[in-house]
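Breakdown of the fold
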Amino acid sequence: MNKFFDITFFKFIIVGIINTVVGATVMFICYNILDYSYWISSTLNYVVGGIISFVLNKNFTFKQKSHVDFKQVILFALIIISSYFFSYIISLNISHIFFYDYPVLIQENIALCLGMIIYTFINYLGQKLLVFTK
């Protein structure tokens, strides 16, 4: 367990806080103010956050000094996309099950928050094990 959750995990969390603040701000403004859909709002979160995440994780978290190659970018994107869909589908279903008496707006805001948590763990493992390997 310590092999996976070493100092890189804590750096990943710091980077995650930065891209979460920026991405979540975009997401909640899009969903609650601009009236974009659940999927468009959460997608914009991860497009913005993904760009921030790649740059900071490559240089700060995993300290890779090599040039960015196409394979690494594609793999990074695939991990983010698969983590995103898995976490947001699961969180939306959980929210609908446990908060079915609440308005859809509340259910989906809860799902957006839960999705961020699930996404963080899945994404970290994918980035550590597949994208930014030593």
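Preceding this section is the structure that the text describes.
Residues numbered from 1 in each chain as written. Predicted model: local features only at pLDDT ≥ 70, side-chain atom pairs only at ≥ 80, totals over all residues. Heavy atoms only, no water.

1. Focus: the overall build of the chain
Heads up, the rule is: Working definition: helices are DSSP H or I runs of at least four residues, strands are E runs of at least two. Numbering for both runs from the N terminus. When we talk radius of gyration, it's over C-alpha atoms, and the globule rule is simply 2.2 Å times the number of residues to the 0.38. Burial classification: accessible surface area is computed with a 1.4 Å probe over protein chains only, and a residue below 20% of its type maximum counts as buried, one above 50% as exposed, and the rest as partly exposed. Contacts are assigned to residue pairs that have any heavy atoms within 4.5 Å of one another. In these tables, accessible area is a Shrake-Rupley quantity obtained with a 1.4 Å probe, and a residue counts as shielded only by the protein chains included in the view. His is not counted here, nor are the chain ends, while Lys and Arg score as positive and Asp and Glu score as negative. By convention, the point assigned to a charge is CZ for Arg, NZ for Lys, CD for Glu and CG for Asp.
A tally of regular secondary structure across the chain gives 4 helices and 0 strands. Each helix and strand of the chain, placed in order from N terminus to C terminus, yields the pattern α-α-α-α. Whereas a compact globule of 134 residues would reach a radius of gyration of roughly 14 Å, the chain reaches 15 Å, a difference of no more than 12%. Principal-axis analysis of the C-alpha atoms gives the chain an extent of 50 × 30 × 25 Å. Taken across its 134 residues, the chain has 40% of its residues classed as buried. Across the chain, contacts joining residues at least 24 apart in sequence account for 75% of those joining residues at least 6 apart. Working note: accessible area of the chain is about 7900 Å², and carbon and sulfur atoms make up 76% of it. Each charge class in the chain can be summarised by its mean position, and for the 8 positive and 5 negative side chains these summaries are 25 Å apart.

2. Focus on a nonpolar patch on the surface
Where we set the bar: Within this analysis, patches are made of residues with over 30% relative accessible area and no salt bridge. Like charges are joined at 9 Å or less; nonpolar side chains (Val, Leu, Ile, Met, Phe, Trp, Tyr) at 5 Å or less. Any carboxyl oxygen of Asp or Glu within 4 Å of a side-chain nitrogen of Lys or Arg constitutes a salt bridge here.
Residues Ile-29, Ile-33, Leu-34, Tyr-36 and Ile-40 make up a contiguous nonpolar surface patch of roughly 470 Å² in combined accessible area. Relative to the helices and strands, Leu-34 resides in the loop between helix H1 (7-33) and helix H2 (38-61).

3. Brief notes about the nonpolar core
Test applied: Definition of nonpolar core: a set of buried residues of the types Ala, Val, Leu, Ile, Met, Phe, Trp, Tyr and Cys, connected through side-chain atoms within 4.5 Å.
Residues Tyr-38, Tyr-46, Phe-76, Tyr-88, Leu-112, Met-116 and Phe-132 are the most contacted members of the largest nonpolar core, which totals 22 residues. Looking at this core, the elements that each hand over two or more residues are H1, H2, helix H3 (70-98) and helix H4 (104-131). Sequence-distant contacts of Tyr-88, defined by excluding residues within four places in its chain, comprise Met-27, Tyr-38, Trp-39, Ser-42, Asn-45, Tyr-46, Ala-111, Leu-112, Gly-115 and Met-116.

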